Amino acid sequence: MDKGPEPPPEAVSRHPTLFRAIRRRRNPRLRRSDITVTDERAVRRAVKAASLGNAMEWFDFGIYAYLAGTIGRVFFPSGSETAQLLSSFATFAVAFLVRPLGGMVFGPMGDKVGRKKVLALTMILMAIGTAAIGLLPTYAAVGFWSPLLLILFRLLQGFSTGGEYGGASTFIAEYAPDKRRGYFGSFLELGTLAGYTGAAGLVTALTAWLGTGAMDAWGWRIPFLVAGPLGIVGLYLRLKLDDTPAYLKLGEGNVHVNEAANSVETTARGDLLRIFRQHWRPLLLCIALVGAYNVTDYMLLSYMPTYLSDELHYTETHGLLILVATMALLMLIINQVGRLNDRYGRKPLLMTGMLGFFLLSAPAFLLVRQGSLLGVSAGMLMLGLSLVCLLGTMSAALPAMFPTSVRYGSLSVGYNLSASLFGGTTPLVITALIGATGSDMMPAYYAMAAALVGVVAVACMKETAQQPLEGSPPSVQTEKEAADMVEARAPTPKF
């Protein structure tokens, strides 16, 4: 809150009572009722439900990316393998075109009716869209209706995903205690890696077991159909939860911290125009950060198996196995990254990841181009260690950019606008750039450009580690922490 210029000392001495009242309003005394003491079991249930939904989301998207070649042959028959691949990745990207629309619908809805209800709805829609793809007729059976229906259900997937990440990261951030928000937030991206790993592992196992012919004939359906039961489990877990303490306190009107700011934020709830008008600075910063993060994320986790098979002529199974091994390693260390950003701050970890991609992308791809198992594995590991610094930090850093009353809506809009422009288009853009230039180093150059934008964005952001979320009361783990905080913030008595 902008306190404005300091008043002249002579004015303070003439009107001491008035200026004491002004200081009290600017810095209201912290009361015990203002502080949320978290329930460890409730926090862990919330983290589990949000992370499983995120895992399902990326399982669904990972399946499509890892079956890109198969999808191209089944739904887009053509004499050119490149045309098939471009058509498949274009359908991958089309889901991202409606993600901002989903964010604009589900985000403000989550600020109005609660995080829990909207996250349950997005889970249902995602499960329906993914399972429906597994039931589609092929091009050979119904002609152009086949790719048309594929696009329709990809749009449903994208629309539902528009409310998923913003809601899930908000859910965890608002449940977690302030000093452990990075650690608990890292489980959301552990879900991302688990979803991708599950998708890659399932596709790899099916391809090795059935062979390319059977996969093209019917095997490709299995991974999509698995999403239905996963969606039911995720929905059950989410419906068992209460809404976040921060959201419930906002609705009760019990938030006393920074009252003047809260009165403004409440009028902005659910209002997209006011999100753009009043919160455009953090919105732009969110778009820049997410853009850099998504380009590097999709380049490594979605596009790399296709790069290995198309450019280096690895078998599809071989490329996926290397990626699965890389992601398994990242899953082992991502929670440690969460602990590190709680201790040392969000900015140092994010800057490490962005600089890692800027400085190491070219050497990593030079190693990958050698084609040997050791070279490919070393290059993938270099990129993976840079990515895990972003994965383990971003889900705690992004929700802290926005006030509680507009957090779900603002984050959903910013995240999905950026993901639409820079995330889902990454495989398509890289494939087109390689085709146009003939250079198989284009993925490295694209990642370096994105990372440079990310470096600037991280430099401009505020540090939020161990601090209360804006517009929310402080959140601690124990009653003793709450009592110590009240005592530390109590005014010093004067005698």
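This is a predicted model, so every value here is computed, not measured.

### A word on the side chain of Thr393
Right, on to step 1. Considering the arrangement of structural elements, one finds Thr393 in helix H19 (residues 373–397).
Right, on to step 2. For Thr393, the side chain forms a polar contact with the side chain of Asn341, separated by 3.4 Å.
Right, on to step 3. Excluding its chain neighbours within four sequence positions, the residues that come into contact with Thr393 are Val337, Asn341, Arg346, Leu349 and Leu350.

### A look at empty space enclosed by the protein
Right, on to step 1. Taken as a whole and assessed by the stated rule, the structure comprises three cavities of 30 Å³ or more.
Right, on to step 2. Lining the largest cavity are Thr36, Ala173, Glu174, Ala176, Asp178, Arg181, Pro245, Ala246, Leu469, Ser472, Pro473 and Ser475.
Right, on to step 3. Elements with a minimum of two residues in the lining of the largest cavity: helix H10 (164–175) and helix H13 (245–252).
Right, on to step 4. Considering only enclosed or pocket space, the second largest cavity measures out at about 50 Å³ in volume.
Right, on to step 5. Lining of the second largest cavity is provided by Gly53, Met56, Glu57, Thr122, Met123, Met126, Ser160, Thr161 and Glu164.
Right, on to step 6. Elements with a minimum of two residues in the lining of the second largest cavity: helix H3 (40–66), helix H7 (115–134) and helix H9 (145–161).
Right, on to step 7. Among the residues making up the lining of the second largest cavity, the classes are represented as three nonpolar, four polar and two charged.

### Concerning the pattern of salt bridges
Right, on to step 1. By the definition in use, this model includes nine salt bridges.
Right, on to step 2. For the salt bridge of Arg115 with Glu174, the shortest nitrogen-to-oxygen distance reads 2.7 Å. Highlighted residues: Arg115 in helix H7 and Glu174 in helix H10, separated in sequence by 59 residues.
Right, on to step 3. Take Glu174: its relative accessible area is 4%, and that puts it in the buried class.
Right, on to step 4. Put simply, Asp342 and Arg346 hold a salt bridge, and the shortest N to O gap is 3.0 Å.

About the criteria used
- Residue numbers here run from 1 along each chain, matching the order of that chain's written sequence.
- Local features are withheld for residues below a pLDDT of 70 in this predicted model, meaning they are given only at 70 or higher, and side-chain atom pairs are given and counted only at 80 or more; totals for whole chains, interfaces and linings count all residues.
- The side-chain numbers reported here are obtained from all heavy atoms of the structure, hydrogens and water having been left aside.
- The helix and strand labels rest on DSSP assignments: H or I over at least four residues marks a helix, E over at least two residues marks a strand, and numbering proceeds from the N terminus.
- Under this definition, polar contacts are N or O atom pairs within 3.5 Å; protein pairs additionally need one hydrogen-donor-capable and one acceptor-capable atom, and for neighbouring residues in sequence, both atoms have to be side-chain atoms.
- Contacts between residues were defined by any pair of non-hydrogen atoms, one from each residue, lying within 4.5 Å.
- A cavity, in this analysis, means grid points on a 1 Å lattice covering only the protein atoms where a 1.4 Å probe fits yet has no way out; a pocket is instead an open set bounded by protein on both sides within 12 Å along at least five of seven lines, and a residue lines either one if it has an atom within 4 Å of a point.
- Grid points are joined across faces, edges and corners, and a volume is the space filled by probe spheres set on the points.
- Throughout this entry, Asp, Glu, Lys and Arg are counted as charged residues, while Ala, Val, Leu, Ile, Met, Phe, Trp, Tyr, Cys and Pro are counted as nonpolar. The remaining residues, Gly among them, count as polar.
- Basic side-chain nitrogens of Lys or Arg form a salt bridge, by our definition, when they fall within 4 Å of a carboxyl oxygen of Asp or Glu.
- Buried means the residue's accessible area, taken with a 1.4 Å probe over protein chains only, is under 20% of the maximum for its type, while exposed means over 50%, and partly exposed covers the values in between.

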